[in-house]
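Analysis of the macromolecular model
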Amino acid sequence: MKDINVDALFLGPKSENQKFLKEMIEFMLDEHIFWRRDFHPEDKDAITLKEQRESGFQNTLEKTREVLLELSSKLKRSSEPWFSPRYLGQMNSDVLMPAVIAYMATILYNPNNCAYEGAPATTSLEIEVGKQLSKMMGYDPEKAWGHITSGGHVANFEGTWFMRNLKSAPNAIKQVKPELVKGLDDWQLMNLSTTKILDLLDETKKLGIFDEVRNHSVRGTGMTSGKLGKLLVPQTKHYSWTKVVDIMGIGSENFVNVQVTDKCRMDINHLKEEIDKLVEQKIPILGVVSVVGTTEEGAVDEVHEVVKLRKEYEKKGISFYYHIDAAYGGYARSIFLDKNDDFISYENIKPMLHESGAMQMDNDWPSRDIYEAYKAMSEADSITTDPHKMGYVPYQAGAIMAKDTRVKDLVSYFAAYVFAQGMTNENPVLLGSYIMEGSKAGATVAAVWASHKVLPLNISGYGRLIGRSQEVAQRFYKALSNEPEFTLENGKTYKAFTLTKPDFNMVNWTFNEVGNTSLKKMNDLTLKLFDKFQYVGGPVYSEDFLTSHTEFTLADYGKAPVHFLNKIGIDEKEFLNGTGVWIFRASLLTPFLNLEKDWDNYWATFMKTVKKTILEVD
Ligand SMILES: *Cc1c(COP(=O)(O)O)cnc(C)c1O
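Quick look at the structure, then. (Residues numbered from 1 in each chain as written. Predicted model: local features only at pLDDT ≥ 70, side-chain atom pairs only at ≥ 80, totals over all residues. Heavy atoms only, no water.)

Brief notes about the overall build of the protein chain
Applied cut-off: Only runs of H or I of at least four residues qualify as helices and only runs of E of at least two qualify as strands under DSSP, and these elements are numbered from the N terminus. Our radius of gyration looks at C-alpha atoms and nothing else; its globule reference is 2.2 Å times the residue count to the power 0.38. A simple rule labels every residue: compare its accessible area, found with a 1.4 Å probe on the protein chains alone, to the largest value its type can have, and call it buried under 20%, exposed over 50%, or partly exposed in between. Contact definition: two residues touch when any of their heavy atoms are within 4.5 Å. Note on areas: these come from Shrake-Rupley sampling with a 1.4 Å probe, and a residue is covered only by the protein chains present in the view. By the counting rule applied here, Lys and Arg register as positive and Asp and Glu as negative, while His and the ends of each chain are not counted. Think of each charge as sitting on NZ of Lys, CZ of Arg, CG of Asp or CD of Glu.
Secondary structure assignment for the protein chain yields 25 helices and 13 strands. The C-alpha radius of gyration of the protein chain comes to 26 Å, within 12% of the 25 Å expected for a compact globule of 618 residues. By principal-axis analysis of the C-alpha atoms, the protein chain measures approximately 80 × 80 × 50 Å. Residues classed as buried in the protein chain amount to 54% of the 618 residues present. Relative to all contacts within the protein chain whose residues are 6 or more apart in sequence, the contacts with residues 24 or more apart total 76%. When the accessible surface of the protein chain is totalled, it reaches about 27,200 Å², and 52% of it is carbon and sulfur. Side-chain charges of the protein chain comprise 72 positive and 84 negative groups, with the mean position of each set lying 1 Å from the other.

The following block contains the structure:
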């Protein structure tokens, strides 16, 4: 299975693969040039050689050259070195060469995937990519629906769009054709399962009243506060959710933040309590959202527990839409799929990770609950995932997948279901009529497609790449946790503290002076250190390591961080009185740390830099 070499996929930290990149870009450019020339060779050149020698023409080229040089100097001076293993910040890394080349080549043709007419070449690639991603999530690709969005934001919007319109459909059916929902009271109408609602809507399609029903749903009547119930989201949610509830008209008062555990995962007991409270007051549940790979901690919510819970509630006549925000963590489901895309058994996962080369050394990742969470993702109604995060594809590429393709009829602005019946192929005529965006780059789709072709979405492809980064994160976490306290020339002794064992490839930590119990004092050290570990301006070459940071506040996280403070020996009172905890945060996407060869040296350099910097600031 060692047929993919990750090192051949990127330009590389030292531009090691520059020859191949240049060669392929030049080749693809030539292809395009000949393509133009070969279109009606009998047509004369529109730009003559004589004109090209004129001063105005030459001036224009000069001007372009100057502007591009200026751009290049700006880019080189102030870009962050994501390609380097010294970058320990946001979810960024080097991007895949297949993606970059595909993107650059396709941009010359400039397809617009809004409509088939604008993108005859790349529309089918988008449909193919949607199926591949649906399959990776465990959906039946023939029944599911997936496409590329501009990012996780828009994917979350679309998931909620499905959710909202779906929740309002049963009441709309009741208004248009009460017989179809005979015997169901209002509460029951607000608690039908996704499949049941979609089946009922199929009946309305047969009766020719689907459009009328849709006009009676929320998109015709608008949101009436509280009518559709509450949206339950963990405290660790991405900030896009705050925008979603605003723009979707759900309203912040219908947004329930569910408490997280000290592992930063949604607390299932709390979720259950919240649901019970709502049920008692006869308030419906619009939907529940889980996060797979939280943006600040990389935590993986226990999806399997939510799935179990929903099944239990459905027996009691309570149901809700279930969306997973896996913008960050979604691509890692590829780790759990064997070469035939079947979900690997828990007993086999670690040996297979090792054997496939996805993980080089012995490891204790994934734990059983992470495994079960990934496995159960196939039960969710829709899932967000970002190719521009763990897909190692350039911006902007997000994706939304829905388990049941019929949900798209609820958001469509022309009858997708009618067109789908009459079409000879599967290509949508006007993708733009049932997605949030309109004009969109076919080049992005080409980049995602080319990456999936080179790296299949299973353990033999993406799994190998992402497995590596998981292992780097586990290694980083262990090294920090085991790093002994150290005394510096200022006479003070310090120690590193890690937040939790990472569920995903993100590590959070702080340094504290041994004996210090003041949160404020620890925060001061973190912020002063961070100042030296962030890029603010000037030549980036002067940076040694770069990281990011985040703040956990009582308002956002409740008491979840108290456990961490206790571990460090910090007095929790300051936190409970409103002082946030500042913490370092590193998303470790780098494919370029060979743990067997490079790790010891890497770690020694990192700790040496840390010690030197602490001495400078404290
Ligand atoms: C990054 C992220 C998003 C937003 O994605 P964009 O691509 O930046 O729009 C949403 N949810 C989670 C969990 C994320 O990590």
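Now, onward.
A closer look at the site of the ligand
Our working definition: Any residue with at least one heavy atom within 4 Å of a molecule or strand is counted as near it. Identification of polar contacts relies on pairs of N or O atoms within 3.5 Å, with a donor-acceptor requirement for protein atoms, meaning one able to donate a hydrogen and the other able to accept it, and with residues adjacent in sequence counted only if both atoms are side-chain atoms. Gly is placed with the polar residues, together with every amino acid not listed as nonpolar (Ala, Val, Leu, Ile, Met, Phe, Trp, Tyr, Cys and Pro) or charged (Asp, Glu, Lys and Arg).
Taken together, 15 residues sit near the ligand, with His153, Asp325, Asp386, His388 and Lys389 positioned nearest. In this structure, Asp325 approaches the ligand through a side-chain N or O atom, which is 2.7 Å from a nitrogen atom. Here the shell around the ligand takes three residues from helix α6 (residues 152-167), the largest share from any one element. Looking at side-chain class alone, the shell around the ligand contains three nonpolar, nine polar and three charged residues.

Remarks on a negative patch on the surface
Stated precisely, the cut-off is as follows: Think of a patch as exposed residues, more than 30% relative accessible area, with no salt bridge, where like charges cluster within 9 Å and nonpolar side chains (Val, Leu, Ile, Met, Phe, Trp, Tyr) cluster within 5 Å. The salt bridge criterion pairs a side-chain nitrogen of Lys or Arg with a carboxyl oxygen of Asp or Glu, the two atoms within 4 Å.
Taken together, Glu23, Glu26, Asp30 and Glu31 make up a surface patch of like negative charges. Here Glu26 lies in helix α1 (residues 18-38).

Comments concerning the pairing of strand β5 (residues 285-291)
Stated formally: A strand pair is defined by DSSP finding two or more bridges across the two strands. A clockwise course of the path from the first strand over the helix to the second, judged with the strands pointing away from the viewer, identifies a crossover as right-handed.
Across the seven residues of β5, seven count as buried, placing the element largely inside the fold. Bridge count for strand β3 (residues 230-234) against β5 is three bridges, and the pairing is parallel. Bridging across to β5, Leu232 finds its partner in Val288. Following the backbone out of β5, through helix α14 (residues 303-315) and into the adjacent parallel strand β6 (residues 321-326), one traces a crossover that is right-handed.

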